[in-house]
Amino acid sequence: MQFYSTNNASHISDLKSAVLNGLAPDKGLYMPEEIPVLPESFWKELPNMDLGEIGFHVLSPYFCPTISEADFKVLTKEAFNFPIPLKQVSEQIYALELFHGPTLAFKDIGARFLARVMAQFTKGLDKTINVLVATSGDTGSAVANGFLGVDGVDVYVLYPKGLVSEVQEKQFVTLGQNVTAIEVDGTFDDCQRMVKAAFMDQQLNEELVLTSANSINLARFLPQMVYYYYAYAQAIKLGKKDITVSVPSGNFGNLTAGLIAHKMGLPVKQFVAATNINDIVPKYLETGIYKPSASIATSANAMDVGDPSNFVRIQELYDNELQGIKSDINGYVCQNEEISQTIDLVYSQFKYILDPHGAIGYRSLNDLLDNDDFGIFLATAHPAKFPETVEKIIKTKVEQPERLKKFMLGKKDVKTSSRDYEDFKTLLKKQCEIRLA
Ligand SMILES: *Cc1c(COP(=O)(O)O)cnc(C)c1O
């Protein structure tokens, strides 16, 4: 399959350049040229499929035969290797727990898949692909762990010294193998500026293959379709129909994946675009006007986005028709105090511990569902990732999963750089040489 740019439909790329570039040269986002409809046989087999098998069937139209079917079977099995349980919270509302991966958040799914797709593209090359990522906390850990131990790809994580939490830092500075953490004496913006400078540095790019693992990469959001089908299969087994799915959203990659799954045939009655007070998209659904603004900090901080990058993909899917978008998507805005109220209420009523992001998903369903409807919200992060917020509300300790405990015991191993690009460049070149030797 080919992929076009949202800025210019005649700008076409093959899979490999779309994945390795992330963004189209005209700064548009890549979209698949066509969205295939899944065959009857898929729906028949779906109840018996595991996540890897669903991944193979749903994603192979986009990734094969660029990647051979045999390789893609192995790839999907390895990428989708942790459980995604659907758990009952209240009578009508279930949580799809996406947080049982290496870093306890749903971004693990896209990162693990992207890493393995990139590894396919290094086969037969005598060069290593170097992924550069600047992080303010969570993206670095999902990307680093997604790529950990993957042949042919090395990862460099730049982060601002002293400005990420200890739990976040431990998840990418203790890994070793093909992951190098670089502690920068500066801010997140300095880290991002240096990564951008490296991508623009012609001389450096002649020596090294550099790429980003940016969240707009199509190989990061497409794999997220997999769990929508899986959730549907579980719901059918429970005898449910008329499913509403609520997606706690920031950059709207997760919702975009759900909408593409729907176009491929997934029966969903309604999607909910649930946000915190960064309510750009719900406002758009109400007024038809898209008005980006500066982001506002909330306790659901992974959703603090004032200009969602994947919104153009949603518009593209519906040919910019507001009516069509509104017939599939309901907007919902959760106020700050409602996040903590919901965590409190759901714990005292049902003994289920929500994280601030999942709380927004739950609340939207609780407010919007009709009597006989069935609702699933995407639980995007484990509550143990936000102990300060959650424990204060429920007045109980949130147990740390083993994985998190293990990170905390790991030994910090980092390189250091100043905020001067030349300094970083020298370090990067030296590290790449050491890795090659
Ligand atoms: C990234 C993230 C989101 C938002 O997902 P988008 O795909 O950007 O809309 C929601 N919750 C958590 C925990 C996240 O890390």
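Residues numbered from 1 in each chain as written. Predicted model: local features only at pLDDT ≥ 70, side-chain atom pairs only at ≥ 80, totals over all residues. Heavy atoms only, no water.

Engineer: Would you take a moment to explain the environment of F63 for this structure?
Structural biologist: Take F63: it is sitting in helix α3 (residues 51-63). For the pair F63 and A219, spaced 156 residues apart in the sequence, the C-alpha separation amounts to 9.1 Å. Among residues more than four places away in sequence, those in contact with F63 are L15, F72, F113, V117, L218, A219 and L222. (Helix = DSSP H or I, 4+ residues; strand = E, 2+ residues; numbered from the N terminus. Contact = heavy atoms within 4.5 Å.)

Engineer: So what exactly am I meant to see when it comes to the state of the cysteines here?
Structural biologist: Linking two cysteines covalently via their sulfur atoms produces the bond known as a disulfide. Taken as a whole and assessed by the stated rule, the structure comprises zero disulfides. Free of any disulfide, C432 has its nearest neighbouring cysteine sulfur in C191, separated by 17 Å. We classify C432 as buried; its relative accessible area is 5%. (Disulfide = S-S within 2.5 Å. Buried < 20%, exposed > 50% of the residue type's maximum accessible area, 1.4 Å probe, protein only.)

Engineer: Could you clarify how one ought to interpret the pairing of strand β7 (residues 153-160) in this entry?
Structural biologist: Across a regular strand the side chains alternate sides, sitting on one face of the sheet and then on the other. Among the eight residues that make up β7, eight are buried, leaving the element largely enclosed by the rest of the structure. Because side chains alternate across β7, one face comprises the buried residues V153, V155, V157 and Y159, and the other comprises D154, Y156, L158 and P160, equally buried. Alignment of strand β6 (residues 129-134) against β7, held across six bridges, turns out to be parallel. Bridge pairing in β7 links A134 to L158. Taken together, β6, helix α6 (residues 138-147) and β7 constitute a β-α-β crossover, and its handedness is right-handed. Inspection of the sheet shows β7 paired to strand β8 (residues 179-184) by six bridges, in the parallel sense. Within β8, the position partnered with P160 by the bridge is V184. (Pairing = 2+ DSSP bridges. Right-handed = clockwise from strand over helix to strand, strands pointing away.)

Engineer: What is the right way to read the site of the ligand from this model?
Structural biologist: Around the ligand there are 14 residues in total, and K107, G250, N251, F252 and T380 lie nearest to it. At 2.5 Å from an oxygen atom of the ligand is found a side-chain nitrogen or oxygen belonging to K107. Between a nitrogen atom of the ligand and a side-chain N or O atom of T380, the distance comes to 2.8 Å. Within the complex, the protein chains bury 94% of what would otherwise be the 390 Å² of accessible surface of the ligand. Broken down by class, the residue content of the shell around the ligand amounts to six nonpolar, seven polar and one charged. (Near = heavy atom within 4 Å. Polar contact = N/O pair within 3.5 Å; in protein donor to acceptor, adjacent residues only side chain to side chain. Areas by Shrake-Rupley, 256 points an atom, 1.4 Å probe, with all protein chains shown as cover. Nonpolar A, V, L, I, M, F, W, Y, C, P; charged D, E, K, R; others polar.)

Engineer: Honestly, unusual backbone geometry in this entry has me stumped. Any pointers?
Structural biologist: Leave glycine aside and you will find that most residues have negative phi; peptide bonds, for their part, are mostly trans. With an omega dihedral of 5°, the bond running from C64 to P65 counts as a cis peptide bond. Here L104, not a glycine, exhibits a phi torsion of approximately 60°, which is positive. Among the structural elements, L104 can be located in the loop between β5 (93-97) and α5 (107-122). Using a relative accessible area of 0% as the deciding quantity, one classes L104 as buried. One non-glycine residue with positive phi stands out, namely N320, at about 60°. Assignment of secondary structure puts N320 in the loop between α14 (311-317) and α15 (322-328).

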